[in-house]
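# Coordinate analysis (summary)
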Amino acid sequence: MFKTLPSRYFIIFEPMFFDFHHHHHDGRAGIYNYDCKGAVPQNPFSAGIHPADAERTELWKQLTTAASDPSCVAIGECGLDNLVSPPLTVQEQLFRQQIRLAEDLQKPLIVHCVRQHERTAHLCRDLSVSVIFHGFNRKQTIAEQLTARGFYLSFGASLLKNLSLQNSFLHCPTDLILLETDDSPIPIETLYRQAAALLNTSVETVQEIIAANLNKILK
Ligand SMILES: [Zn+2]
C-alpha cells in the first residue's frame with residue numbers, strides 16, 4: 001500500500017482509499033488521530049491536543065514525545081472550538097504552542113475549528129508547513145476564504161447529505177481537497193464514491209487527486 005522511497009517519511013502515496021483523519025483502530029490506510037492519551041500508536045498517526053482538553057496541561061509531555069516519533073506524520077487535531085468549555089484564551093495559547101511544534105518539526109498541521117475560522121486562519125498565516133482544516137462543514141464563502149490562503153479542506157460524512165457542504169466542495173480547488181471518516185462508522189470508500197459523483201468523475205480519478213495532494217502535504 002505504501003511504496004518505499006528515500007523521502008522524509010519513506011513513503012509516497014499511490015492512489016488508494018486514504019482516510020486523512022480518523023479515530024478507528026483497524027489499521028486502515030490513513031492518519032489515525034492520537035489525542036495524547038494512552039500508548040503511542042504504531043501505524044501512521046497525527047498527535048495533538050484537542051481544544052476540549054486545553055486545560056489538561058499534563059498532556060503536553062505526551063504530545064512532545066509522540067510528535068517526534070517517526071510514525072507521527074502530522075501535528076493535530078488542534079485548534080479553536082467555540083462549543084467546548086475551556087476559555088478561548090487558553091485554547092489559543094495551546095494552539096499557538098502546537099503551531100510552533102509543527103513548524104519546529106516541519107510536520108503538517110491538522111486543524112480542528114468550530115465557529116472560529118477568522119481567528120484560526122489568522123493564527124495559521126504564513127506557516128512553512130501545510131495546514132489542513134479537518135471535518136470542514138461550512139458554507140461556500142468560508143471554503144473560498146480558506147482555500148484562497150492555500151489551506152487544505154478535509155471533507156467527511158457530512159458530504160453525503162449536506163447540500164450546502166456539497167456546494168462548498170464543488171467550489172474548492174481539487175488540489176486542496178482531502179477525505180476523512182473522523183469518528184464516523186461509514187466506510188471511507190463511500191466518501192470517495194460521493195466525491196466522484198459530485199465531481200462527475202471516476203473513483204480512480206478522485207484517488208489520484210487525493211494521492212497527489214498527500215504527496216505535497218507529507219513531502
Ligand atoms: Zn477527529
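Details of the structure are given in the entry above.
First, a word on what this report is: a plain description of the structure on this page.

The rules behind these values
- Residues numbered from 1 in each chain as written.
- Predicted model: local features only at pLDDT ≥ 70, side-chain atom pairs only at ≥ 80, totals over all residues.
- Heavy atoms only, no water.
- Donors = N, O, S within 2.8 Å, 3.2 Å for Na, K, Ca; no water.
- Tetrahedral: all angles 85-135°; square planar, octahedral: opposite > 155°, others 65-115°.
- Buried < 20%, exposed > 50% of the residue type's maximum accessible area, 1.4 Å probe, protein only.
- Helix = DSSP H or I, 4+ residues; strand = E, 2+ residues; numbered from the N terminus.
- Arc of directions from axis to C-beta.
- Contact = heavy atoms within 4.5 Å.
- Core = buried A, V, L, I, M, F, W, Y, C linked by side-chain atoms within 4.5 Å.
- 1 Å grid on protein atoms, 1.4 Å probe; cavity = no way out; pocket = protein on both sides within 12 Å on 5 of 7 lines; lining within 4 Å.
- Points joined across faces, edges and corners; volume = space filled by probe spheres on them.
- Nonpolar A, V, L, I, M, F, W, Y, C, P; charged D, E, K, R; others polar.

This part takes up the coordination of the zinc ion. Distances from the zinc ion to its protein donors, His21 (NE2), His23 (NE2), Glu77 (OE) and Asp182 (OD), fall within 2.1 to 2.5 Å. One can describe the donor arrangement at the zinc ion as irregular, given that its four donor atoms subtend angles of 86 to 172 degrees at the metal. Donor residues binding the zinc ion come from one chain and are separated in sequence as H-x1-H-x53-E-x104-D.

So, about helix α1 (residues 59-67). Where α1 is concerned, the buried positions are Leu59, Leu63, Ala66 and Ala67. Buried residues of α1, viewed axially, fall in a sector of 95 degrees; they line one side. If you follow the buried residues of α1, they end up packed against β4 (30-34), β5 (45-47), β6 (72-81) and α2 (88-105).

In this section: unusual backbone geometry. Peptide bonds are, in most cases, trans, and in most cases residues other than glycine have a negative phi. Cis rather than trans, the peptide bond between Gly76 and Glu77 has omega equal to 10 degrees. With a phi close to 55 degrees, Gln106 is a non-glycine residue in the positive phi region. Here Gln106 is to be found in the loop between α2 and β7 (109-114). With a phi close to 55 degrees, Asn200 is a non-glycine residue in the positive phi region.

Within the largest apolar cluster, 68 residues are counted, with the highest numbers of intra-cluster contacts made by Phe95, Leu109, Cys124, Phe155 and Leu179. Residues contacting Cys124, with those up to four places away along its chain left out, are Phe95, Ile99, Leu109, Val111, Val131 and Phe151.

Right, let's talk about the layout of surface pockets for a bit. There is about 430 Å³ of room inside the largest pocket. Lining the largest pocket are 23 residues, and of these His134, Gly135, Phe136, Asn137 and Asp182 lie nearest its centre. When residues of the lining of the largest pocket are assigned to their parent elements, the largest contribution, three residues, is made by β7. Counted by class, the lining of the largest pocket contains six nonpolar, eleven polar and six charged residues.

What follows covers the environment of Leu163. When you line up the elements, Leu163 lands in helix α5 (residues 163-170). As a C-alpha pair, Leu163 and Lys139 span 24 residues in sequence and 9.7 Å in three-dimensional space.

Keep in mind that these numbers describe shape and distance, not what the molecule does.
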